[in-house]
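Geometric and topological summary
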Amino acid sequence: MLKIYNSLTRRKDVFVPIIPGEVRMYVCGMTVYDYCHLGHARVLVVFDTVYRYLRQLGYEVIYVRNITDIDDKIIQRANASGLTIDDLTTRFIHAMHEDASALGILPPSLEPRATAHLDQIIAMIAKLIEKGHAYCAENGDVYYAVNSFANYGKLSGKALSDLRAGARVEIDEGKRDPLDFVLWKAAKPDEPYWDSPWGIGRPGWHIECSAMSTHCLGNHFDLHGGGADLQFPHHENEIAQAEGATGEPFVNVWMHNGFVRVNEEKMSKSLGNFFTVREILTRYRAEEVRYFILSSHYRSPLNYSDEQLNAARAALTRLYTALRGLPDDIEPLGGESFRAQFKMAMDDDFNTPDALAVLFELAREINRANQTDRELAISLGAELRALAGQLGLLQERAEDYLRGTMTDGLSDAEIINLVAQRDAARRNKDWHEADRLRDELQLKGIILEDGASGTQWRRG
């Protein structure tokens, strides 16, 4: 029985979809003005894992992950780089898809773009004005009247009185209340714009997700996800907009993944500890990054460091080593107890650290079985691959992974040649030469494993 921590109820609730057998799920995606960073990678991996597991449970999942392709930051970056908005966003959407593919992210069912849903956005704003939840200001902007929505703050737990105490209104804003937020921005010089009943302009950020999610999934759907930084004000505002416009409940379950830290400090450009996915992938393999993200519970802070990534590499090496020499295409025939333990972990709010621990128990059983029962080892190996696959892990051939870990230096052909020379030296009992060749390989990061069937090698 799957339980999910619901940010709205502040407890783990048994997950019951609105329509039996179907899950409708929306996740706030990227604002495409730069390359994806580690925080984006965490959102992608976390909700890809949720998507995979819900499908594993037999649900038909409609997974919507939006793209914000019009925004203040996009306009600023396009102007600074001399690119059109379309050229800039097309470039970074393509880059995002490359990064997602590298991390083993399954494509979502739908990937709506804000600029393709202006009709839905304008219609929702019009409905909010009609229902008294929004107003046109003298400066040409349209604002949401926060005071008109009785349940504002129910997701974040923030009280309007406390929020007002720290709020202020800029002189050029036409807000009636400092907490009101913009739905439609009147056009400014040298900015893209669209026609609307309130004059030319463009949408505010918050309204985009309310309009796209309800258009794609209906007024009331099962699950909404995103980073913890979006809980307030973005997701709070989404609720106010959607429920204000439709008069229906918006989302049953809200999921938020934790913050990313670097060497125990908050990740930020100002501190110089800001890493893009592409930078990290020059030093670590994508599956190692994915493992690292899954090694912490999704609601916990994620601390990035070389030590953590090296630990992920070592862990994956242990798992792949257990699979070495076993066939890749065998259906699992046993391992029910491991399957039950894995399911228990994942059913407990997607507890991936506990699920990974089950994989290591399974790897230990494979290593033991390899000594006495080859058929059992093969069956358990198939089970290990199947369970890890639910997390998007162990997707390579064991031999390819173990021989392909990133190191500078020798090519595969050069390694194979040196290993052959060492084997010849050992056969001739030239132990000095055999040791010299082992040391040479070790200096290049190549680990040798001598066994009854010969010498195996892998990159360390």
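Definitions and limits used
- The numbering scheme is per chain: residues are counted from 1 as the chain's sequence reads.
- It should be noted that, the model being predicted, local features are given only for residues of pLDDT at least 70 and side-chain atom pairs only at 80 or more, the latter also being counted only at that level, while totals for whole chains, interfaces and linings use all residues.
- Heavy atoms throughout the structure, all of them, feed into the side-chain values; hydrogens and water do not.
- UniProt positions are given in the numbering used here, feature names are shortened, and annotations may be inferred rather than shown by experiment.
- For this analysis, a salt bridge means a side-chain nitrogen from Lys or Arg found within 4 Å of a carboxyl oxygen belonging to Asp or Glu.
- A helix here means a DSSP run of H or I that spans at least four residues, while a strand means a run of E at least two residues long, and both kinds are numbered starting from the N terminus.
- Accessible area is worked out with a 1.4 Å probe on protein chains only. A residue is then buried under 20% of its type maximum, exposed over 50%, and partly exposed in between.
- The rule for pairing is simple: two strands pair if DSSP sees at least two bridges between them.
- Note on handedness: a crossover is taken as right-handed if, strands pointing away from the viewer, the path from the first strand over the helix to the second is clockwise.

Named according to an unreviewed UniProt entry, the protein is Cysteine--tRNA ligase originating from Thiospirillum jenense. As recorded by UniProt, the Subcellular location (unreviewed entry) comment attached to the protein reads in full: "Cytoplasm". According to the UniProt record, the Subunit (unreviewed entry) comment for the protein reads "Monomer."

Below, the discussion takes up the pattern of salt bridges. Counted under the stated rule, the structure contains 29 salt bridges. K343 is paired through a salt bridge with D347; the nearest N and O atoms lie 2.6 Å apart. Taken together, the residues K343 and D347, both in helix α11 (residues 336–347) and four residues apart, mark about one turn of the helix. When its relative accessible area of 36% is taken as the criterion, K343 is described as partly exposed. For D347, a relative accessible area of 8% corresponds to the buried category. Where salt bridges share partners, they join D72, K185, E191 and R202 into one cluster.

Quick look at the pairing of strand β3 (residues 22–27) now. Extensive coverage of β3 is indicated by the burial of six of its six residues. The side-chain alternation of β3 yields two buried faces, one formed by E22, R24 and Y26 and the other by V23, M25 and V27. Sheet topology note: the β3/strand β4 (residues 60–65) ladder contains six bridges and is parallel. Within β4, the position partnered with E22 by the bridge is E60. Handedness of the crossover is the feature at issue here: the chain leaves β3, passes through helix α1 (residues 38–56), returns alongside β4, and the resulting connection is right-handed.

To continue, consider the pairing of strand β1 (residues 3–6). The alternating pattern of β1 places I4 and N6 on a buried face, while none of K3 and Y5, on the opposite face, is buried. Inspection of the sheet shows β1 paired to strand β2 (residues 11–14) by four bridges, in the antiparallel sense. Looking across to β2, one finds that I4 is bridged to D13. Following β1, the chain reverses through four residues before pairing antiparallel with β2; R10 in that reversal takes a positive phi of roughly 60 degrees.

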